[in-house]
Each structure stands twice: as C-alpha cells, then as structure tokens.
Amino acid sequence: MIPLAEMAEAVLRTADGREKTALSRRFAADWQAARDRGETPQIGRADPPVHPARPAAPELLSPRDVPRRRPGTPEGRIALLHAVAHIELNAVDLHWDIIARFAHVKMPMGFYDDWVKAADEESKHFNLMCDCLEELGSHYGALPAHAGMWRAAEDTVDDFMGRLAVVPMVLEARGLDVTPGMIEIFRKAKSTSAVAALETIYAEEVSHVAYGSKWFHFLCGRHEEDPKERFHALVRTYFHGALKPPFNEEKRAEAGIPPDFYWPLADGA
Ligand SMILES: [Fe+2]
Ligand SMILES: [Fe+2]
C-alpha cells in the first residue's frame, strides 16, 4: 500500500468524476483494511496540485452567471441534483486535500481515519447524485456549475486551522441547514431515489462537521488557544460574507458546533 498522502494526491490528479470516486473508494477500503488488521500505515508526503484535476464538463461559471431554475419544475430538480453532485465532487477533493496538504503536521492516526472515511462517503454521495441524474435522463457535466467551490481550499492553503474552520465547520455545516428543505422538494415530487440519496447524504454529513469540530478543538488545545475566539477570527479572515440563518441548531449541536460559534458571524449580528 502506498503512503496515504500519495493516495490523496493520486485522487486529486484524477479528472473524471466516476474515476476519481472509484479510486477514492478503493484507497479508502485499502486504508480501512490495514487499520482493521491493526496496522499503522505510513502517511508520507505529497505534492498536491493547487487545483485538483477536473473533467472537461461541466463548464465552470461565476455563481452569478449560473442560470437559476425553479425547483418546482423537473428541469429545476435536475439542476438542483447537478449542483449537489458538483458540491460532492469538490468535497471528495477537499477531504483528500486536507490529508495531502497538511501531511507535514504530526496528527494522531484518528485524524486520518476520519478524513479517509469522509472522503469515501463524499465519493459515494457523488455517485448517488450521478445515478439520480442519469435516472432522469441527465448526467454530471450536462449543466454549468459554480466556479468558486475551490476558493476555500486556495484561501487556506497554508492554514490548517483555517481550513478546518471554513470547510467542515462553515461550508459543510451549511449543508446541514439546507438539506432538509431539499429533501422536501423531492418528496413532494415523489422522486423516491433522490429522497433516499439525500437522506443518506444528510445523515453522513453530520459526522464530517463533527470531525471538523473535533480536530479544530484538538489543535486549539495543542496551541493553548480559545476555540471560539480562534474560530471567529479564522472565519472572518477566510470566509467571504456572513453566515446565513436559519441554522439547523439541532444537527449543528450533534456535530459539536455550539450556537455561540456561528450566531456572532450571522447576517445582521
Ligand atoms: Fe457529501
Ligand atoms: Fe461532507
């Protein structure tokens, strides 16, 4: 088995979505099997690209140029699934990137176990969204997608705690806020496979936010810093704009993010 950081880099350098997720899932299975045998695999070092490899389609547009479609229409629902597929593909790369990018920082094995598991789940989520799109006669790449998704990774390319604050604890926590509304849209449209897929995503995303909170607190403890103050400072530095209520306070609590972390950063606070 190659060192984990090299696995991460190989995923980041694979362009096609289905190929990227297949490789990601294979590496995650190899890692898990080694851990189940009681091994402590090598982390190693890597040279991850600034931007992960991506397929030729979808075309990436600035968010304001991505056409808005009403979710009450079949086209609108396809656009919504396509947007989620795009988020999931970015998430696959984000989780492998945190492993490769910060491989030089000494962390407990549990840190790698968590992000490998998260990357594996994101790979499954991307495939689920692709399956739903294909069932509706579309596919990932058929519509334009947001260009700005890698911004958070670029902004925090040399700030490990900034990465944890912005990616799992802000962006993925936002997913917990908005996914129930999305599930409702597909429930009303009687799209049973989309409902099932989004429910899987919703359930598994809680743990990704929790991993973020866990390892953010761990690093604060290592550096003797106050977690809430550090979180606020990092989000104000790296996240562009205010956080948008309403918040899913229950799921955020389950993921280890208390209200005094996000409310002071909210719109109008
Ligand atoms: Fe996901
Ligand atoms: Fe996630």
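Criteria and cut-off values
- Residues numbered from 1 in each chain as written.
- Chains lettered and ligands numbered in written order.
- Predicted model: local features only at pLDDT ≥ 70, side-chain atom pairs only at ≥ 80, totals over all residues.
- Heavy atoms only, no water.
- Donors = N, O, S within 2.8 Å, 3.2 Å for Na, K, Ca; no water.
- Tetrahedral: all angles 85-135°; square planar, octahedral: opposite > 155°, others 65-115°.
- Helix = DSSP H or I, 4+ residues; strand = E, 2+ residues; numbered from the N terminus.
- Buried < 20%, exposed > 50% of the residue type's maximum accessible area, 1.4 Å probe, protein only.
- Contact = heavy atoms within 4.5 Å.
- Salt bridge = Lys/Arg side-chain N within 4 Å of Asp/Glu carboxyl O.
- 1 Å grid on protein atoms, 1.4 Å probe; cavity = no way out; pocket = protein on both sides within 12 Å on 5 of 7 lines; lining within 4 Å.
- Points joined across faces, edges and corners; volume = space filled by probe spheres on them.
- Nonpolar A, V, L, I, M, F, W, Y, C, P; charged D, E, K, R; others polar.
- Axes fitted to C-alpha atoms, helices over the stretch in contact; angles between N-to-C directions.
- Parallel < 35°, antiparallel > 145°, perpendicular 65-115°, else oblique.
- Left-handed = near helix turned anticlockwise from the far one by under 90°.

Chemist: Sorry if this is basic, but what is going on with the coordination of the iron ion (ligand 1) here?
Modeler: For a metal bound by four donors in a tetrahedral arrangement, the ideal donor-metal-donor angle is 109.5 degrees, while six donors in an octahedral arrangement ideally sit at 90 or 180 degrees. Coordination sphere of the iron ion (ligand 1), protein contribution only: Glu88 (OE), Glu122 (OE), His125 (ND1) and Glu205 (OE), at 1.9 to 2.3 Å. Classification of the site at the iron ion (ligand 1) rests on its four donor atoms, whose angles at the metal span 86 to 163°, yielding the label irregular. Expressed as a motif, the donor residue spacing for the iron ion (ligand 1) is E-x33-E-x2-H-x79-E. Between the iron ion (ligand 1) and the iron ion (ligand 2) the interatomic distance comes to 3.8 Å, and Glu122 is a ligand of both metals. You can see Glu122 and its partner His125 sitting in helix 4 (residues 109-135), three residues apart, about one turn around the helix.

Chemist: I would appreciate a short explanation of helix 1 (residues 4-12) in the present structure.
Modeler: Because an α-helix completes one turn every 3.6 residues, residues spaced three or four positions apart along the sequence face the same direction. Burial analysis of helix 1 places seven of its nine residues in the buried class, which makes it a mostly covered element. Where helix 1 is concerned, the buried positions are Leu4, Ala5, Met7, Ala8, Glu9, Val11 and Leu12. Here the buried face of helix 1 lies against helix 2 (17-36), helix 3 (74-101) and helix 4.

Chemist: Would you take a moment to explain the coordination of the iron ion (ligand 2) for this structure?
Modeler: Distances from the iron ion (ligand 2) to its protein donors, Glu122 (OE), Glu172 (OE), Glu205 (OE), Glu205 (OE) and His208 (ND1), fall within 1.9 to 2.7 Å. All donors to the iron ion (ligand 2) come from one chain, and their sequence spacing reads E-x49-E-x32-E-x2-H. Given the relative accessible area of 10%, Glu172 is considered buried. Under the relative-accessibility criterion, Glu205 is labelled buried at 9%.

Chemist: Sorry if this is basic, but what is going on with the environment of Pro144 here?
Modeler: Counting through the fold element by element, Pro144 comes out in the loop between helix 4 and strand 2 (145-146). Put simply, Pro144 and Asp65 are 79 residues apart on the chain and 9.1 Å apart in space, counted from C-alpha to C-alpha. Not counting residues up to four positions away in its chain, the partners in contact with Pro144 are Pro58, Glu59, Leu61, Val66, Pro67 and His82.

Chemist: I would appreciate a short explanation of the pattern of salt bridges in the present structure.
Modeler: Pairing of side chains with opposite charge becomes possible as their charged atoms draw close. Tallying each qualifying case throughout the model produces 20 salt bridges. Where Lys117 meets Glu121, a salt bridge forms, and the shortest distance between an N and an O atom there is 2.9 Å. Of this pair, Lys117 and Glu121 are both found in helix 4, four residues apart, which corresponds to roughly one turn of the helix. Under the relative-accessibility criterion, Glu121 is labelled buried at 8%. Lys228 is the partner of Asp260 in a salt bridge, and the nearest nitrogen-oxygen pair spans 3.7 Å. On the criterion of sequence distance, the pair formed by Asp260 in helix 10 (residues 259-262) and Lys228 in helix 8 (residues 227-238) is long-range, its members being 32 residues apart. Connected through salt bridges with shared partners, the residues Arg18, Asp131 and Glu134 form a single ionic network.

Chemist: What is the right way to read empty space enclosed by the protein from this model?
Modeler: To locate leftover empty space, one rolls a probe as large as a water molecule over the atoms. Scanning all chains against the criterion turns up one cavity of 30 Å³ or more. There is about 30 Å³ of room inside the largest cavity. Leu94, His95, Ile98, Trp115, Arg163, Val167, Pro168 and Glu172 together form the lining of the largest cavity. Among the elements that line the lining of the largest cavity, the one with the most residues is helix 6 (residues 160-188), at four residues. For the lining of the largest cavity, the per-class residue count stands at five nonpolar, one polar and two charged.

Chemist: Which parts of the structure should I look at to understand the packing of helix 7 (residues 192-222) against helix 8?
Modeler: Helix-helix packing: each pair is described by the crossing angle between the helix axes and the interaxial distance. Relative orientation of the contacting elements helix 7 and helix 8 amounts to 110°, with a least axis distance of 10 Å. Taken together, the axis directions place helix 7 and helix 8 in an arrangement best described as roughly perpendicular. Of the two elements, helix 7 crosses helix 8, and the hand of that crossing is right-handed. Here helix 7 contributes Phe216, His217 and Cys220 to the contact with helix 8, which in turn contributes Pro227, Arg230, Phe231 and Leu234.

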